[in-house]
Amino acid sequence: MTDPVVHLRAGGTSVVVVADAERLPRIIHWGADLGEVDAAALAIAARPAIGDSAVTYPQPVPVVAQLSEGWLGRPGVVGSSSGTRWAPLFRDARYTLDGMALRCEAVDSEYKLALLVELELLPTGLVRQRATLTNAGDAAYRVDALEVALPVPSHADEVLDFTGRWALERVPQRRSFHVGSWTRESRGGKPGLENTMLMIGGERGFGFRSGTVWGVHLAWSGNQVLAAERTPADTRRLSGSELLLPDEIVLGSGESYSTPWLYGSWGDGLDAMAARFHEQRRAEHPLSPRPVILNTWEAVYFRHDLDTLIALAERGAAMGAERFVLDDGWFTGRRDDTSSLGDWTVDSTVWPEGLEPLVARVRELGMQFGLWFEPEMINLDSELAREHPEWVFDAGHGAGLPSRHQHVLDLGHEDAYAHVFGLVSELVGRLSIDYIKWDHNRYLLDAGHTPDGRPGVHRQVEQLYRFMRELRGAHPGLEIESCASGGGRIDLGVMRYADRVWPSDCNDPHERLEIQRWTGLLLPPEVQGTHIGAEVSHTTHRSHPLDYRAEKAIWGHLGVEVNLLEADEAQLAALAGWVAFHKTHRELLHSGTVVRADLADASLRLEGVVARDSSAALYAFSVVERGATWPPGRVRLPGLAPGTLYRVEAVFPDVRVAHLPPWFETGVTLSGRALGTVGVEAPSLDPDRSVLLHAVAVPDA
Ligand code: GLA
């Protein structure tokens, strides 16, 4: 390929790359589609003035940055052969372009290292990049870091990322895009509850609907770092890499290491950025209508008993559930969370006839059957740990700190992998299990592979992917949920094999509204498990009426996680009503475009889903706390087609509040433009109450 400037265009995105034979690829534009443009002229226009030193912050910076080129920021390649070959300089780049996929193969002939950089623009306008380092020399080469980056312009002046904790995942935090690097690291062998998931830079004050934003995500389920870096020369980059432990990757002669894909999305507003991720997911991983789940966890916890569970299943089916999921507590010895992880056989004292009678009844009731597993975990109090203590990770100080009384099983031991895979696969096959709730409740703190204690995190993640891949291969149609104490493993790496995530152990709708909204920047609603919990939340002890709990759950992959055996007829009927409502609208909810309004009043939320053909939309208007001003005033309904007339009605629930705006009585018919610009008056609700607004296009008269 001879053209030194490549212009990739797809899905409303342009990526312009300087791709000359001298150096690694340099991106001079990632963002809005530029249309037909003289890319070479653009490259000239984008060339910076040369400063007083040629060796400080070269411009533009290659996607894999190199110290040897004068880059003093975060290094792209860190590694050595026992202290030599530590400052690589990749040149002699050979570029190939295949559609919207650009490959650059460069070498450092002195060091005998080769680097492949892949940059792909996907049809949705998502861009992804990864690098592969190959050791062509004789000496072993230890890789400490291999990082790829996407540049953002100087008007990306604010950074958004997320933190969190158990039952409160994805808490946003914003800061100015200062000089220096803002890094978010995960060192616990999974992204973690506090993981940022995305690193976003954007125009100051950006919101869901306005302000251009750029965000990156690393498709990896292990240790990682995402960074937003700004240099004294005002270069701004968003980067990502696997966080490698000492000697975790040592390349023998001819061996290679590839980074995970770093995905990048941009948009005018966070909604547009998120929409590209959603579209990509939907294109790659189409799903059947999401079956409504009845999950046993918060209903019975470890109190498993056939009669109770059958009664629960019967009530669930009557309520409209389509999949019954038996959570933790079914396997040998598991009466509480102190023991037995690893012993994946059905407990014969609790289940004398096995799980078969339950499964048979569940199927008779027309439901699918799902089962909870935690395949990567082990309790020291288990038959497995007693037989194979060497399969517990150990970095030299024993099994290390317990967390929820448990430790991590090292799947890097092939025998351990085969043992657990065999047990899980046998049960999935025998019971024709439709769905696995795949949990992961301890961090990999000191994950040393026995006997020498070398780091085993990278290998563990590879084995996880292999496990899921092989299990799905052996049992076509099997679905998997990625759960890790809630939302501790939400990433596009595991999502290659998983069908949904469990965003949080918190079913409190007040918290769920925020958790789902922010998790929704990466994943579409149908991939988020959203369950109706008990009236008094088991994690926050707040109490909420059913309507609010249900309304916050209908948007995603709906489930019910309450003890239906304690519900009275009226409650069961109300639940059934919500399940039916969800089923009526799930096609729209699970295929439409997610929109969230930017409201000045922090006590209000408005979000919804607009059908792809703009023919209908469903919105929830919520009051989350008592605002300083009152009544709430008008809310604009985002995302409708401006030139289309819509009939808007408040549909559900049957709101019993003192102050309803008059239009609630009759509904209102207005253009999408008017609804998006002027909006409609919102009702005066108490905190933690909501109404649903349904907009339906009115055929032209
Ligand atoms: C984790 C999960 C819960 C539940 C329990 C069972 O905490 O996040 O949803 O499955 O384990 O022990």
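Source: prediction; values computed, not measured. (Residues numbered from 1 in each chain as written. Predicted model: local features only at pLDDT ≥ 70, side-chain atom pairs only at ≥ 80, totals over all residues. Heavy atoms only, no water.)

1. Details of the overall build of the protein
Applied cut-off: Working definition: helices are DSSP H or I runs of at least four residues, strands are E runs of at least two. Numbering for both runs from the N terminus. Radius of gyration here is computed from C-alpha atoms only, and the compact-globule reference equals 2.2 Å multiplied by the residue count raised to the power 0.38. For the exposure calls, accessible area comes from a 1.4 Å probe over protein chains only, and a residue counts as buried if that area is under 20% of its type's maximum, exposed if over 50%, partly exposed in between. Here the accessible surface of atoms and residues is derived via Shrake-Rupley with a 1.4 Å probe, and residues count as covered only by protein chains that are part of the display.
Per the secondary structure count, the protein includes 13 helices and 40 strands. Rg of the C-alpha trace for the protein: 27 Å, near the compact-globule value of 27 Å for 701 residues, within the 12% margin. For the protein, the C-alpha atoms occupy an extent of roughly 75 × 70 × 40 Å along the three principal directions. The buried share of the protein, reckoned over its 701 residues, is 59%. A total accessible area of about 26,000 Å² is found for the protein, and carbon and sulfur atoms account for 52% of it.

2. What about the side chain of Arg500?
Operational definition: By the criterion applied in these results, polar contacts are pairs of N or O atoms within 3.5 Å in which, for protein atoms, one can donate a hydrogen and the other can accept it, and in which residues neighboring in sequence qualify only through two side-chain atoms.
Mapped onto the fold, Arg500 is located in strand β30 (residues 500-501). Here the side chain of Arg500 touches His531 through a polar contact of 3.1 Å, side chain to side chain.

3. Looking at the site of the ligand
Quick note on the threshold: Put simply, a residue is near a molecule or strand once any heavy atom of it comes within 4 Å of that molecule or strand.
Near the ligand lie 13 residues; those nearest to it are Asp327, Asp328, Arg404, Lys437 and Asp505. In the model, an oxygen atom of the ligand is placed 2.7 Å from a nitrogen or oxygen of the Asp327 side chain. At 2.6 Å from an oxygen atom of the ligand is found a side-chain nitrogen or oxygen belonging to Asp328. Considered on its own, the ligand offers 310 Å² of accessible surface; in the complex 96% of this is hidden by protein.

4. With respect to the environment of His694
Let me state the cut-off plainly: Contacts are residue-level and defined by heavy atoms, with any inter-residue pair within 4.5 Å sufficient.
By the secondary structure assignment, His694 is in strand β40 (residues 689-697). Relative accessible area serves as the criterion here: at 17%, His694 is assigned to the buried category. Measuring from C-alpha to C-alpha, the distance between His694 and Arg459 comes to 49 Å, with 235 residues separating the pair along the chain. Discounting residues that sit within four places of it in the chain, His694 has contacts with His585, Ala617, Leu618, Arg647, Val648, Glu649 and Val651.

5. A look at the side chain of Arg236
Residue placement: Arg236 occurs in strand β17 (residues 236-242). Relative accessible area serves as the criterion here: at 4%, Arg236 is assigned to the buried category. Side-chain polar atoms of Arg236 contact the backbone oxygen of Ala156, separated by 2.8 Å.

6. Let's talk about a nonpolar patch on the surface
The cut-off we apply is this: For patch building, the residue pool is restricted to those with more than 30% relative accessible area and no salt bridge; the joining distance is 9 Å between like charges and 5 Å between nonpolar side chains (Val, Leu, Ile, Met, Phe, Trp, Tyr). A pairing counts as a salt bridge when a side-chain nitrogen of Lys or Arg comes within 4 Å of a carboxyl oxygen of Asp or Glu.
Nonpolar side chains collect at one region of the surface, where Leu67, Leu72 and Trp86 lie side by side and expose about 340 Å² of accessible area between them. Along the chain, Leu72 falls in the loop between α1 (39-45) and β4 (77-80).

7. A few points about the packing of aromatic side chains
Note the following rule: Classification of ring pairs rests on two measures: the distance between centres of Phe, Tyr or Trp rings, Trp counted by its six-membered ring, which must be within 6.5 Å, and the angle between planes, read as stacked under 30 degrees, edge-to-face over 60 and tilted in between. Only lysine NZ and arginine CZ atoms are considered, and such an atom sits over a ring when it is within 6 Å of the ring centre and within 35 degrees of the ring normal.
Enumeration over the complete set of coordinates arrives at 20 aromatic pairs. Stacked on the ring of Phe206, the Lys or Arg Arg174 has its end atom at 4.1 Å from the ring centre. Stacked on the ring of Phe177, the Lys or Arg Arg236 has its end atom at 5.5 Å from the ring centre.

8. Concerning the sheet that holds strand β29 (residues 479-482)
How we decide: The criterion for strand pairing is that DSSP finds at least two bridges linking the strands in question. To define axes, lines are fitted to C-alpha atoms, for helices over the stretch in contact only, and angles between the resulting N-to-C directions are given on a 0 to 180 degree scale.
On the basis of which strands lie adjacent, the open sheet formed by 8 strands has the order β30-β29-β26-β23-β22-β21-β32-β31 and parallel pairing. Edge positions in the sheet fall to β30 and β31 (529-532), since each has one partner strand and no second. Examined bridge by bridge, strand β22 (residues 323-326) and strand β23 (residues 368-373) share 4 bridges and lie parallel to one another. Looking across to β23, one finds that Phe324 is bridged to Phe369. Against the sheet, helix α10 (residues 546-553) touches β31 and β32 (557-560), its axis set at about 165° to β31.

9. What about the layout of surface pockets?
The criterion, for reference: Cavities and pockets were defined on a 1 Å grid built from protein atoms only: a cavity is a group of points that admits a 1.4 Å probe but offers it no way out, a pocket is an open group of points flanked by protein on both sides within 12 Å along at least five of seven lines, and a lining residue is one with an atom within 4 Å of any such point. Grid points are joined across faces, edges and corners, and a volume is the space filled by probe spheres set on the points. Here the bounds of each domain stem from an automatic or database domain assignment.
Considered as a void within the structure, the largest pocket measures approximately 610 Å³ in volume. Along the wall of the largest pocket there are 29 residues; nearest its centre are Ala219, Trp261, Leu492, Gly493 and Arg496. For the lining of the largest pocket, the elements supplying multiple residues, two or more each, are β8 (127-135), β19 (256-258), α2 (270-284) and α8 (457-474). Counting the residues that make up the lining of the largest pocket, at least three belong to each of domain 1 (5-284) and domain 2 (293-587). Estimated volume of the second largest pocket: approximately 510 Å³. Around the second largest pocket, the lining comprises 22 residues; the ones closest to its centre are Ile27, Ile28, Pro151, Val152 and Pro153. Sorting the residues of the lining of the second largest pocket by element identifies β3 (26-32), β10 (148-152), β15 (212-218) and β17 as the ones contributing at least two each.

10. Side note on empty space enclosed by the protein
Rolled over the atoms, a probe with the dimensions of a water molecule shows which regions are left empty. What counts is decided by this rule: Polar here means any residue other than Ala, Val, Leu, Ile, Met, Phe, Trp, Tyr, Cys and Pro, which are nonpolar, and Asp, Glu, Lys and Arg, which are charged; Gly is therefore polar.
One pass over the full model with this rule turns up 3 cavities of 30 Å³ or more. In this structure, the largest cavity spans a volume of roughly 280 Å³. What lines the largest cavity is a set of 21 residues, among which Gln516, Arg517, Trp555, Val594 and Glu607 lie closest to the centre. Those elements that place two or more of their residues in the lining of the largest cavity are α9 (509-519), α10, β33 (593-596) and β34 (604-610). Among the residues making up the lining of the largest cavity, the classes are represented as 9 nonpolar, 7 polar and 5 charged. Three or more residues apiece are contributed to the lining of the largest cavity by two domains, here domain 2 (293-587) and domain 3 (594-697).

11. Structural notes on α2
This is how it is decided: Working rule for helices: expected span equals 1.5 Å times residues minus one.
The terminal C-alpha atoms of α2 lie 22 Å apart, and with 15 residues this matches the ideal 21 Å at 1.5 Å per residue to within 8%. If you check which residues of α2 are buried, you get Leu270, Asp271, Met273, Ala274, Arg276, Phe277, His278, Gln280, Arg281 and Arg282.

12. Quick look at the pairing of β34
For a regular strand, the rule is simple: side chains alternate between the two faces of the sheet. Counting buried positions over the 7 residues of β34 gives 7, a clear majority of the element. Burial along β34 is two-sided: Leu604, Leu606, Gly608 and Val610 facing one way and Arg605, Glu607 and Val609 facing the other are all buried. Pairing between β33 and β34: 4 bridges, direction antiparallel. From the neighbouring strand, Val595 faces β34, where its bridge partner is Gly608. Here 7 bridges tie β34 to strand β35 (residues 616-623), and the two strands are oriented antiparallel to one another. Along β35, the bridge assignment pairs Arg605 with Ser622.

13. Considerations on the domain arrangement of the protein
The following threshold applies: Each of two parts loses accessible area, computed with a 1.4 Å probe, when they are put together; buried area is these two losses added.
Split by domain assignment, the protein resolves into domain 1 (5-284), domain 2 (293-587) and domain 3 (594-697). Look at where the C-alpha atoms of domain 2 and domain 3 centre, and you get two points 35 Å apart. Listed by partner, the interface residues are 19 residues for domain 2 and 22 residues for domain 3. Area buried by domain 2 at its contact with domain 3 is led by Arg517, Tyr548 and Trp555, which between them contribute 33% of it. Linking domain 2 to domain 3 there are 2 salt bridges. Run the count over domain 2 and domain 3 and you get 7 residue pairs in polar contact (both at pLDDT 80 or more). For the side of domain 2 that touches domain 3, the elements supplying multiple residues, two or more each, are α9, α10 and α11 (569-589). For the side of domain 2 that touches domain 3, the residue count by class is 9 nonpolar, 5 polar and 5 charged.

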